[in-house]
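Structural features, examined
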Amino acid sequence: MVHSAYDSVELISDCPTKIEAISSYGPKLLLGCSDGSLKIYAPDSSGSRSPPSDYHSQSLQKEPYSLERNLAGFSKKPLLSLEVLESRDILLSLSETISFHGLPNLGTIAVITKAKGANVYAWDDRRGFLCFARQKKVCIFRHDGGRGFVEVKEFGVPDVVKSMAWCGENICIGIRRDYMILNSTTGALTDVFPSGRLAPPLVVPLPSGELLLSKDNIGVFVDQNGKLAHEGRVCWTEAPTVVVIQKAYGIALLSRYVEVVRSLRAPYPLIQTIILRNARRLLQRNNAAIVALDYAVYGLFPVPLGAQIVQLTASGEFEEALSLCKLLPPEEASLRAAKEASIHIRCAHHRFDSGDYEDAMEHFVASQVDITYVLSMYPSIVLPKTTMVVDPDKLMDISADSSYLSRGSSGMSDDMEPSPLSHVLESEESAALESKKMSHNTLMALIKFLQKKRFSIIEKATAEGTEEVVLDAVGDRESNRFKKTNKGRGSTPVTSRAREMAAILDTALLQALLLTGQSSVALELLKGLNYCDVKICEEILLKSNHHAALLELYKCNSMHHEALKLLHQLVEESKSNQVQPEVIQKIKPESIVEYLKPLCGTDPMLVLEYSMLVLESCPTQTIELFLNGNIPADLVNSYLKQHAPNMQARYLELMLAMDENGISGNLQNEMVHIYLSEVLDWYADLSAQQKWEEQTYSPTRKKLLSALESISGYSPEALLKRLPADALYEERAVLLGKMNQHELALSLYVHKLHLPEMALSYCDRVYDSLAHQPSSRSSGNIYLTLLQIYLNPKRTTKNFERRITNLVSPQNKGTPKVGFANTVKSKGGRGTKKIAAIEVADDIRISQSGTDSSRSDGDADADADESGEEGGSTIMLDEVLDVLSRKWDRINGAQALKLLPRETKLQNLLPFMGPLLRKSSEAYRNLSVIKSLRQSDNLQVKEGLYEQRKGVVKITSDSVCSLCRKKIGTSVFAVYPNGSTIVHFVCFKDSQSIKAVGRGSPLRKR
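None of the values given here were measured: they were computed from a predicted structure.

With respect to the layout of surface pockets
The volume enclosed by the largest pocket comes to roughly 2,000 Å³. Lining the largest pocket are 50 residues; nearest its centre among them are E83, Y121, P205, V243 and V244. Those elements that provide at least two residues to the lining of the largest pocket are β2 (19-25), β6 (81-85), β10 (118-124), β14 (161-167), β18 (203-205), β22 (242-246) and β26 (281-284).

What follows is the structure, encoded as structure tokens:
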């Protein structure tokens, strides 16, 4: 068979009488013979007999036995069975009845006379219960603890019982060809299953409490209720007569030999066959099994577990060897672990050579072998160099383990010779074997092995790093002063064993994943916590063009420069279609922006450096990166100004569009200056070509005008100095408006640009802005300013250049306010008083434009003639009338009429005067109605007052003064406000005097 589990030793060879029953007491054998005698045999070497008290601690000896004592007539009939009850020092014998004898003197203790004719019995040592069967009855007796037995129950059964055993509180019996469970309390019988046709039933109790029931040559496991315990079956070559269980084995007595099977686990293989003819009895003892033949006795002594393990390992039965290792005593746990590890390693190599790679890796995992040992079987896997000193106790090696495993303990032999490591990793391996080791299946098995080992190794490496960080935080630098720093990991010491093992594992795992085409799994590995060696993995990923994995490798090691360079390279290649289509879909300029997002808070300069590469291709996303990353706008602007000035304006305008309040005044001013510079260059080019026209607009000029009107953070004075004197009048007008120089701005719109509509729109904007300011006293005067410009064109033009020069000159520190800021609200009168008030309010502004309010209309005509003589320029009366007709509701009518020339026809003023007078008349009527209503309310209030003041008091002859209680009569009286209290006037005055004195008394007291 595969190995020898038992050694057969002949103990007694020449018994003079046929042996019918056998038992043992300590090292002695008790033989029940056919003549009714009891023979006691002892080992030949036990010359000095041990005291009886030591019998329980002794065991059978591997040596010949000799007759020590012969008790003739021990039984009247041949003994059928003998059993030593060691816990009670009693010998139970079954002959014509059941008898109990004390040990070691063999005196009779009790005889159960009711057991006469019994053929089978079962003893429950835990409870001291005896059950036996005779004829068709089953009786139960209980040992009372002394020298007697008490009958408990007696039950009838269908037929003669052939085999029986206790199963918990019940009894399993074999009757005819069936097994039944007998309830020891009620006597109820429960069928289990038939026993078979070839052999009688056989019930074998197991140490676990289960039962092994024989069905011909098959043993079935059932629980204490007769239900199948598990699917396993024990098979013998023929039906056994006796079966005993000893530790890991089941021993069956057959007709010609003894069979030993494994009873630990399925499939219960046959282990050993011991040829012993004419064997009659089989007995199980602590350290051996005893087989009785007709005239001889053999002892089956178990081979030491160590020797069995060596045999099984040598024959390739690794699973059997591992299961036997579990039987080693607990005090030898370290030796057991070493044995198991060695067996797992040898089994792993055997499985690997046989092509069962996954099972091989399972055994490598179970052996707790160092991962470098397994990786040495894969020469093509490149591993990082290590500087750690290998600890022999931690690196499980077959050659290093041989002497340790061969130590003598628990009877282990030294026959187990491990295969050397060099046998596995020979340098002269054939090309076929090398190809086999790098095949897909072997790599998949390696991946599973590394993934199972990874959690514990990474956990140790992380814990080690955390411990170092804590030590550094508390100032304990002494233990770390000799440690170096690994690239990409700020505090990873090279001498760290846990992290070096983690680096070896992750580097090998990444290579195996790539070689098996699992690039997505490799990418997930790099995205999480990993310790991949940067140099090795970078080289491999570059060769295999796994760009996504390479990016994650750079990212997890904080190699952002390298990652961004690679991204930029891939973007450029994708533009030229030099990479694969699937890569083109993934690698876009936006990928650089996405990579830069987490770096905004830690390395803004790096973000600015590499954002320049994609600013032109995806400006919106890049600006969002700057804004969401909270990078200071001044820093971004200065960097763009130095490295990408052509994108500076784009950045500022996009930033302004995204967050109008997020751009400072300096940046707004710079953006406007950039626009102005571009416009000035454009103007210079067109002027040189003599193609300049004021009404020409480029996109930049449109942006400039929009910025000048919409934002307010720039300095209009500085911009005004940069404008040419004879061009860009619209920009100049906007700037003058920002400086509140409304008259000059309107003059430009009217006389330089010749755009009355823009002038009117300008007035509307100013009017609307001032209308929402509660401090503005008159917002309609801006229209009067426009009217003056229309009515005095020459005088306005004449003063234009002088005032512009004053504004842009360096000596002009202040900004004169022109227009309507100091006007006074007119009184609500009519005729001359109203016009006079308006003239006082606008005296300063009107005098500047050449229209003096104190002059007559004839003087105004003289000024008009004078202006006509100076330049021949005529007033713009049509434009004035248009403004009046369109904005009559915003213009003070009296002031406007005062400005008009005398020859203005009233018919032309109808569009202005008509609605104005209608509005005035309507307002007059409304105010008149309001006045009448208020007068009516006033009269009603007065009438109520009079009613309240009017009172009537009736004095009769019975009227009495409330103070002196005398009659009023015809005396002067006074009435209190309640109208019912009447007093003499004299009494009233006296009471008032008394009150005054009372109020003044405290002052006098002080």
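Focus on the sheet that holds β26
An order of β1-β28-β27-β26 is seen for the 4 strands of this open sheet, with the pairing classed as antiparallel. Of all the strands in the sheet, the pair left with one neighbour each is β1 (6-12) and β26. Averaged over all pairs of adjacent strands, the angle between their axes in this sheet comes to 20°, without regard to strand direction. Note: strand β27 (residues 289-292) against strand β28 (residues 297-302), 4 bridges, orientation antiparallel. Bridging from a neighbouring strand, I290 pairs with G299 of β28.

Description of the packing of aromatic side chains
Here the structure, examined in full by the defined rule, presents 17 aromatic pairs. Judged by centre distance (5.9 Å) and plane angle (70°), the ring pair of Y6 and Y249 falls under edge-to-face. Here the residue Y6 occupies a position in strand β1, and Y249 occupies one in strand β23 (residues 249-253), the gap between them amounting to 243 residues. Seen from their ring centres, F364 and F449 are 6.5 Å apart, and the 70° between their planes marks the pair as edge-to-face.

Here's the deal with the confidence of the model for the chain
Averaged over every residue, the pLDDT of the chain is 78; the share at 70 or more is 80%. Scored below 50 in pLDDT, residues 389-430 makes 69 contacts in the model with residues more than four places away or belonging to other chains. With pLDDT under 50 throughout, residues 1001-1006 is counted as low confidence; its partners more than four residues away or in other chains account for 1 contact.

A look at helix α11 (residues 519-527)
Regarding α11, the residues found buried are A522, L523, L525 and L526. End-on, the buried residues of α11 take up no more than an arc of 155°, which puts them together on one face. For α11, the exposed residues set more than 90 degrees away from the buried face come down to S520 and E524.

A look at the sheet that holds β6
Read from one edge of the open sheet, 4 strands run β6-β7-β8-β9, paired in antiparallel fashion. At either margin of the open sheet sits one strand with a lone partner, and together these are β6 and β9 (108-112). Ignoring which end each strand starts from, the neighbouring axes of this sheet average 20° apart. In the sheet, strand β7 (residues 90-94) pairs with strand β8 (residues 98-102) via 5 bridges, with the strands oriented antiparallel. Directly across from I90, in β8, lies its bridge partner G102.

Description of the packing of helix α2 (residues 318-325) against helix α3 (residues 333-354)
Packing of α2 against α3 brings their axes to within 10 Å, and their N-to-C directions diverge by 170°. Here α3 runs roughly antiparallel to α2, going by the angle between their axes. Across the interface between the two elements, F318, E319, A321, L322 and C325 of α2 pack against R336, K339, E340, I343, H344, R346, C347, H350 and R351 of α3. Tallied by class, the residues present in the contact of α2 with α3 amount to 6 nonpolar, 2 polar and 6 charged.

Quick word on the packing of helix α14 (residues 560-575) against helix α16 (residues 589-596)
Across the interface, α14 lies against α16 with an axial gap of 9 Å and an inter-helix angle of 165°. Considering their axes alone, α14 and α16 lie roughly antiparallel with respect to each other. For the pair α14 and α16, the crossing hand works out as right-handed. Touching H560, A563, L564, L567, H568 and V571 of α14 are P589, S591, I592, Y595 and L596, all from α16.

What to know about unusual backbone geometry
The step from L103 to P104 runs through a cis peptide bond, and the omega angle for that step is 10°. Mapped onto the elements of the fold, P104 is located in the loop between β8 and β9. Positive phi values are uncommon outside glycine, yet D216 reaches one of about 60°. The backbone phi angle of N278 is positive, close to 60°, even though this residue is not glycine. In this fold, N278 is placed in the loop between β25 (270-275) and β26.

Concerning the pattern of salt bridges
Counted by the stated rule, this structure contains 28 salt bridges. Of the charged contacts in the structure, one is a salt bridge between R127 and D124, with a shortest N-O distance of 2.8 Å. With relative accessibility at 11%, the residue D124 sits in the buried group. In this structure, R701 and E731 form a salt bridge, with 2.5 Å as the shortest nitrogen-oxygen distance.

The rules we used
Residues numbered from 1 in each chain as written. Predicted model: local features only at pLDDT ≥ 70, side-chain atom pairs only at ≥ 80, totals over all residues. Heavy atoms only, no water. 1 Å grid on protein atoms, 1.4 Å probe; cavity = no way out; pocket = protein on both sides within 12 Å on 5 of 7 lines; lining within 4 Å. Points joined across faces, edges and corners; volume = space filled by probe spheres on them. Helix = DSSP H or I, 4+ residues; strand = E, 2+ residues; numbered from the N terminus. Pairing = 2+ DSSP bridges. Axes fitted to C-alpha atoms, helices over the stretch in contact; angles between N-to-C directions. Phe/Tyr/Trp six-rings, centres within 6.5 Å; stacked < 30°, edge-to-face > 60°. pLDDT = per-residue confidence, 0-100. Contact = heavy atoms within 4.5 Å. Buried < 20%, exposed > 50% of the residue type's maximum accessible area, 1.4 Å probe, protein only. Arc of directions from axis to C-beta. Parallel < 35°, antiparallel > 145°, perpendicular 65-115°, else oblique. Nonpolar A, V, L, I, M, F, W, Y, C, P; charged D, E, K, R; others polar. Left-handed = near helix turned anticlockwise from the far one by under 90°. Salt bridge = Lys/Arg side-chain N within 4 Å of Asp/Glu carboxyl O.

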